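# Architecture at a glance
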Amino acid sequence: GDAARAAGRPLLGCHGTGPRQYQRLLPMCSTVGNIVMPSTSDTLPPLAPSLYRAVWRWHFYAGLLVLPFLIWLAVTGAAYLFQKDIDGWFHRDLLGVPATSAGQGAQPHGRIVAAALAAHPGAQWFRYTPAPDGAHSANVGVALPGGERRAVYVDPATARVLGELPERGTLMWTVRQLHSLKYFGPVARGFMEMAAGWALVLVATGFYLWWPRGAGAVRRGGVVTVRGRPGQRLFWRDLHAVTGVGVGLVLAFLALTGLPWSVLWGSQVNAWANGQNFGYPAGVRVQLPLSGERLADAAHVPWTLQQARVPGNPHEGHEGHGSTAPVADEPLLGTPLSVDAAMAVIARLGLAPGYTVTPPRGARGVFSASAYPEDLARQRVVHIDRYSGAVLLDQGYADYGPAGQALEWGINVHLGQQFGAPNQWVLLGACAAIVLLCVSGAVAWWKRRPHGSGLGVPPLPARPEVLAGLTAILALGGVVLPLVGASLLVVLASDLWWQRRRAA
């Protein structure tokens, strides 16, 4: 009788009870043969079946929400793992130099920047990436008078312009924009943030459903082995379970380490971590030092501006560490350093090849150089005075707080950079497994779905309070991830509407 009640089936053999009496007596009776007797056990159905159904129900909804996004993330993320190799081949005419220039000495940095500006009269440079070696080109970011930004590639040996692209117009930057859905605007990025949060729910509930129960559960299959044939639902269910337990922790890690890029939660975390000793200390990304004296020491200004501090270069995180174009209409405080003089100071500091330099923005701005190589230990941000060349700030990974170091380490692993080629190939295998996980789950659902109408939502548990308790736990997570919380409310409203419709 307890098993029948837990499964939601009517008890056979309860004589002498009409429909209303039957409903009233059902929680209180058990059957022995054909005789109705008062139950001597707990009057409530068992907890375990109800909890399993509640977890299964939310696992289904989480999968319904995120499976298409997970496939998208896995495919685009797998491509971006090899961004240097792919871009190096696809843009070889821009990123590389002619064979006649390879290995030759480089022209002065000022001449390279001037060559890029000569290709666009009236433009100003806002970013400069010197050639990392003799086989690659230098990259100069120029802002055109109309506001458009271009990346101009220059042969460092001859200062000849090799070509140009829109700023961040390489193939892999496009893939990166597609990966986060940034290409489609903030609303689409919100869906991606929601998917990352629900992926964590998917992993947690999936592990609970997979967990072996009872003696011999492992030997029966569906835990570490796959039963049945491809034409059977059992095969796809087992394949989904086994794949999920193999890649689940990696999926959760990728979801967590991808959240710092998200449109809402990520921006709040970065605001919390920037300028703090436990994250990124002041000067690395915010509260940059300023050059020279007060503005009033070199220019006649109104009294209200005599103590004004003009901000330096605002940074943009890992996606650029750039600044806007220099402000040309502010009075200078002295004789500023030339590009070559500033680059000489930066070169003596020994930043990792591939670093980027941004020019001062305004009379109190600073020259900034940032290096974010694959080796975390060589991450570095440097600011130098635009007039004297004095080093105003020089900080690297070792200077970050625990939160900053954790964020940077997670990002490096997420990008496949921290452990070199093994990092790339492990994540490539994980991306392939995530696609298989999504496909096998979708096929298993398709074979289980009811014929006709309906999504095949798992049945409600016999104890509604169990589902309510699990939903409350998910709601707590929705407070931490607001977009997940908003989607949770939508799912709850839809589920309640569907239950009432079926009851009617």
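Above: the structure in question.
### Observations regarding the overall build of the chain
Within the chain one finds 16 helices and 10 strands. The buried share of the chain, reckoned over its 504 residues, is 46%. Long-range pairs, those at least 24 residues apart, make up 63% of the contacts in the chain between residues at least 6 apart in sequence.

### Describing the layout of surface pockets
One number sums up the size of the second largest pocket: a volume of about 800 Å³. Along the walls of the second largest pocket sit 30 residues, with W56, H59, L209, H240 and G441 positioned nearest its centre. Contributions of two or more residues to the lining of the second largest pocket are made by α3 (47–80), α8 (186–210), α10 (233–258) and α14 (420–448). Broken down by class, the residue content of the lining of the second largest pocket amounts to 20 nonpolar, seven polar and three charged.

### Considerations on helix α12 (residues 339–349)
Residues separated by three or four positions in an α-helix point in the same direction, a consequence of the helix having 3.6 residues per turn. The set of residues buried in α12 consists of V339, A342, M343, V345 and I346. End-on view of α12: buried residues confined to an arc of 155°, all on one side of the axis. Buried residues belonging to α12 abut α6 (109–118), β3 (124–129), β7 (356–358), β8 (366–371) and β9 (380–385).

### Overview of the packing of α6 against α12
Running from N to C, α6 and α12 cross one another at 130°; their axes reach a closest spacing of 7 Å. Classified by the angle their axes make, α6 and α12 are oblique. Considering only the axes of α6 and α12, their crossing is right-handed. Counted together, H109, G110 and V113 of α6 and V339, D340 and M343 of α12 form the full contact between these two elements. Classifying every residue of the contact of α6 with α12 by side-chain character gives three nonpolar, two polar and one charged.

### Observations concerning α14
For α14, with 29 residues, the first-to-last C-alpha span of 42 Å sits near the 42 Å given by 1.5 Å per residue. Taken as a whole, α14 has its buried residues at N423, Q424, L427, A430, C431, A433, I434, L437, C438, S440, G441 and A444. If you follow the buried residues of α14, they end up packed against α3, α10 and α13 (402–414).

### Thoughts on the nonpolar core
For soluble globular proteins, the rule of thumb is that nonpolar side chains tend to be buried together. W58, L70, W198 and I434 are the most contacted members of the largest nonpolar core, which has 47 residues in total. Mapped by element, the contributors of at least two residues to this core are α3, α8, α10, α14, α15 (464–480) and α16 (482–503). Counting residues per element, this core draws most heavily on α3, which supplies 12 residues. Sequence-distant contacts of L70, defined by excluding residues within four places in its chain, comprise A199, L202, L251, I434 and C438. Core analysis: the next-biggest nonpolar cluster, separate from the first, contains 28 residues, I112, M343, Y355 and I384 among them.

### Focus: a nonpolar patch on the surface
A cluster of nonpolar side chains, I71, V75 and V439, forms an exposed patch at the surface whose accessible area comes to about 210 Å². Relative to the helices and strands, V75 resides in helix α3.

### Overview of the packing of α10 against α14
At a closest axis distance of 8 Å, the pairing of α10 and α14 adopts a crossing angle of 140°. Between α10 and α14, the angle falls in the class oblique. Handedness of the crossing formed by α10 with α14: left-handed. Counting all contacts with α10, which are made through R233, W236, R237, L239, H240, T243, G244, V247, V250, L251 and L254, the residues of α14 involved are L427, A430, A433, I434, L436, L437, S440, G441, V443, A444, K447 and R448. Among the residues forming the contact of α10 with α14, the class breakdown is 14 nonpolar, five polar and four charged.

### Side note on the packing of aromatic side chains
Per the stated rule, a full pass over the model turns up 17 aromatic pairs. Here the aromatic rings of W58 and Y61 are separated by 5.8 Å at their centres, their planes lie at 65°, and the arrangement is edge-to-face. Of this pair, W58 and Y61 both sit in helix α3, three residues apart, roughly one helical turn. For the residue pair W58 and Y61, the accessibility class agrees, reading buried in each case. Ring plane angle 35° and centroid distance 4.7 Å describe the contact between W272 and F278, whose orientation is recorded as tilted. The rings of W58, F60, Y61 and W198 are connected pair by pair, giving a single aromatic cluster. Sitting over the face of the ring of W173, R168 holds its NZ or CZ atom 5.1 Å from the ring centroid. Of note, R285 hangs over the ring of Y280, and the distance from its end group to the ring centre comes to 4.0 Å.

### A look at the environment of T356
Note that T356 resides in strand β7. The class of T356 is buried, set by a relative accessible area of 12%. Separated by 217 residues in sequence, T356 and N139 have C-alpha atoms that sit 9.1 Å apart. Setting aside its immediate chain neighbours within four residues, T356 contacts R127, Y128, T129, S368, A369 and S370. A distance of 3.0 Å separates polar atoms of two side chains, one belonging to T356 and the other to T129.

### What to know about unusual backbone geometry
Backbone geometry places A159, a non-glycine residue, at a positive phi of 60°. When you line up the elements, A159 lands in the loop between β5 (149–155) and β6 (160–166). Overall, the relative accessible area of 13% leaves A159 in the buried class. Look at R168: it is not a glycine, yet its phi comes out positive at around 55°. By the element assignment, R168 lies in the loop between β6 and α7 (171–179).

Criteria and thresholds
- Residues numbered from 1 in each chain as written.
- Predicted model: local features only at pLDDT ≥ 70, side-chain atom pairs only at ≥ 80, totals over all residues.
- Heavy atoms only, no water.
- Helix = DSSP H or I, 4+ residues; strand = E, 2+ residues; numbered from the N terminus.
- Buried < 20%, exposed > 50% of the residue type's maximum accessible area, 1.4 Å probe, protein only.
- Contact = heavy atoms within 4.5 Å.
- 1 Å grid on protein atoms, 1.4 Å probe; cavity = no way out; pocket = protein on both sides within 12 Å on 5 of 7 lines; lining within 4 Å.
- Points joined across faces, edges and corners; volume = space filled by probe spheres on them.
- Nonpolar A, V, L, I, M, F, W, Y, C, P; charged D, E, K, R; others polar.
- Arc of directions from axis to C-beta.
- Axes fitted to C-alpha atoms, helices over the stretch in contact; angles between N-to-C directions.
- Parallel < 35°, antiparallel > 145°, perpendicular 65-115°, else oblique.
- Left-handed = near helix turned anticlockwise from the far one by under 90°.
- Expected span 1.5 Å × (residues − 1).
- Core = buried A, V, L, I, M, F, W, Y, C linked by side-chain atoms within 4.5 Å.
- Patch = residues over 30% accessible without salt bridge, like charges linked within 9 Å, V, L, I, M, F, W, Y side chains within 5 Å.
- Areas by Shrake-Rupley, 256 points an atom, 1.4 Å probe, with all protein chains shown as cover.
- Salt bridge = Lys/Arg side-chain N within 4 Å of Asp/Glu carboxyl O.
- Phe/Tyr/Trp six-rings, centres within 6.5 Å; stacked < 30°, edge-to-face > 60°.
- Lys NZ or Arg CZ within 6 Å of the ring centre and 35° of its normal.
- Polar contact = N/O pair within 3.5 Å; in protein donor to acceptor, adjacent residues only side chain to side chain.

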